[in-house]
Amino acid sequence: MTAQITEKDLKQIPWKLRLFNMLMNTYFIIPVAVPFFADKGVNFGEFLLTQAIFRIGMLLMEVPSGYLSDKWCRRNVLCLGAVIVLIADIIMWQGYGFWQMASAEFLLGVGGAFFSGTVSAYLYDAFELADKTELVEKEEGKKTAWVFVGEAIAMLAGGWLYTVNPLYPAMMQVVMVSCAVVFLQTIPKLPVVHREGSHNPWVEMVEVTKYALHGHAEIKWLIYYPAVIFSATLLMFWNIQVELELQGIPEQYRGFLLAGYFVVGATFSHFAHEIANKVGYRRFASLMLPLSTLGFLAMGFMDNLLVMPIAAVAASCFTVGRPVFTTLVNRRVERHYRATVLSVMGLVQMVTGIMYLLIGDFLSDTLSHEASMLIFAALVIVLGAVPLFGLKRCKVLA
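Caption draft 1: Expanded view of the overall build of the protein chain. Within the protein chain one finds 17 helices and zero strands. Across its three principal directions, the C-alpha atoms of the protein chain cover 60 × 45 × 35 Å. The long-range share in the protein chain, meaning contacts at least 24 apart out of those at least 6 apart in sequence, stands at 85%. Working note: accessible area of the protein chain is about 15700 Å², and carbon and sulfur atoms make up 67% of it. Separation between the mean location of the 29 positive side-chain charges and that of the 29 negative ones in the protein chain comes to 9 Å.

Shown next, in the form of structure tokens:
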């Protein structure tokens, strides 16, 4: 690999990727998602189904998008994904009813799949070309922190926008994604390294998937374990909104509470590298399992706003864990199939997320909110125990 990036490129790529990610993830609908979807004729059970449909869209395109990223220019893949997300946001802004909203969520999932492996692969490639891969974990943390800052801004503005006009949060998402598409053109392209192997893309995708989930003794556990934890923290976030609604918190104030949640997450993520190294990878991985259940337990046993700080601490499993586990996987794969492996990682998280949401939809119709949360706490412990044991046995976190 003879192509090199300049020092100027190295300085620009990290902050430009952070800003692009922040623009793509500043979702003003999130703090008012449940009432927004209700205004669109979608009840809470159907809302959970739309989130499952979103994950089905990501699931279908996760590995193909990663493969395309490895074969094609990574920046072009990001641009394609951003345009699909823009179309989805326009449908969400103007659509009504379950099927139109479900279609928008499906396209959001398809478009989002183009980012899950590609952004981290692009970042690692840039530092690898500059021979500074030791900085990747810290930068991954900063990248996630910027996303959380964008989401905190959305939390503050989303509730207010909704009270002015229920369609304004969706309209602002269209504006933000449009800005992201334009800004992406300023990010430099990186050289493509083609791998040798089958000329059949489907065969290659299957081979890399089998390698990631079964063939590599370390990577498979680095994929399975965070999938259990990260998907749980996302479900916990959606249920926090239900908790706020049950406690009668007005929409305009929910944004402030959720913004605090994301600010805590951004802080944890910014210092992810320092936290992981201070605590130790092995100890941190062990703590992730009980920590990830704290939010569910709080919503199961408590009936006050103390749920929010407890859930924010529980969410640190994602904000600290994501940069750590993504970097650990990056270090174990070659550049020419890096995005594909990271997309397989995203695929497993999507499958786990769909399973959680479908279970959540069933439980919301049959049990109380509190009982559902306690069942999820137990489920996460059971599902996370086996991959945690696998990580410790292969000593990947030593």
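The discussion continues.
Caption draft 2: A look at empty space enclosed by the protein. Using the criterion set out here, one finds three cavities of 30 Å³ or more in the structure. Of the volumes computed, that of the largest cavity is approximately 1400 Å³. In terms of lining, the largest cavity is formed by 46 residues, of which the most central are Asn25, Phe54, Glu151, Leu234 and Phe318. Here the residues of the lining of the largest cavity sort into 26 nonpolar, 14 polar and six charged.

Caption draft 3: Spotlight on the packing of aromatic side chains. As enumerated under the stated definition, the model contains twelve aromatic pairs in all. Note on phenylalanine 98 and tryptophan 99: the rings are 5.1 Å apart at their centroids and 75° apart in plane angle, and the pair reads as edge-to-face. A residue is classified by how much of its surface remains accessible, and phenylalanine 98, at 18% relative accessible area, is buried. Judged by relative accessible area, tryptophan 99 falls into the exposed class, the value being 66%. Through a chain of ring-to-ring contacts, the aromatic side chains of Phe148, Phe230, Phe262 and Phe318 assemble into a single cluster.

Caption draft 4: Focus on the pattern of salt bridges. What the rule picks out here adds up to ten salt bridges. In this structure, lysine 143 and glutamate 140 form a salt bridge, with 3.1 Å as the shortest nitrogen-oxygen distance. One end of the pair, lysine 143, and the other, glutamate 140, are both in helix 7 (residues 136–164), three residues apart, so they sit about a helical turn from each other. When the shortest N-O distance is used, the salt bridge between glutamate 140 and arginine 322 registers 3.7 Å. Here the residue glutamate 140 occupies a position in helix 7, and arginine 322 occupies one in helix 15 (residues 307–330), the gap between them amounting to 182 residues. By sharing partners, the salt bridges in this structure join Asp70, Arg74, Asp125, Glu128 and Arg338 into a single network.

Caption draft 5: Helix 3 (residues 44–71), seen in detail. Along its 28 residues, helix 3 runs 40 Å from first to last C-alpha, staying within 8% of the 40 Å computed at 1.5 Å per residue. Glutamate 62 marks the point of greatest bend in helix 3, at about 40°, and the proline proline 64 comes within the next four residues. By the N-cap criterion, in which a side-chain oxygen at the helix start approaches the backbone nitrogen of a residue two or three places on, helix 3 is capped by asparagine 43, the distance to glutamate 46 being 2.7 Å.

Here is what the cut-offs are and how they apply
- Residues numbered from 1 in each chain as written.
- Predicted model: local features only at pLDDT ≥ 70, side-chain atom pairs only at ≥ 80, totals over all residues.
- Heavy atoms only, no water.
- Helix = DSSP H or I, 4+ residues; strand = E, 2+ residues; numbered from the N terminus.
- Contact = heavy atoms within 4.5 Å.
- Areas by Shrake-Rupley, 256 points an atom, 1.4 Å probe, with all protein chains shown as cover.
- Lys, Arg positive; Asp, Glu negative; His and termini not counted.
- Charge placed at Lys NZ, Arg CZ, Asp CG, Glu CD.
- 1 Å grid on protein atoms, 1.4 Å probe; cavity = no way out; pocket = protein on both sides within 12 Å on 5 of 7 lines; lining within 4 Å.
- Points joined across faces, edges and corners; volume = space filled by probe spheres on them.
- Nonpolar A, V, L, I, M, F, W, Y, C, P; charged D, E, K, R; others polar.
- Phe/Tyr/Trp six-rings, centres within 6.5 Å; stacked < 30°, edge-to-face > 60°.
- Buried < 20%, exposed > 50% of the residue type's maximum accessible area, 1.4 Å probe, protein only.
- Salt bridge = Lys/Arg side-chain N within 4 Å of Asp/Glu carboxyl O.
- Expected span 1.5 Å × (residues − 1).
- Bend = angle between axes of the 7 residues up to and from the residue.
- Polar contact = N/O pair within 3.5 Å; in protein donor to acceptor, adjacent residues only side chain to side chain.

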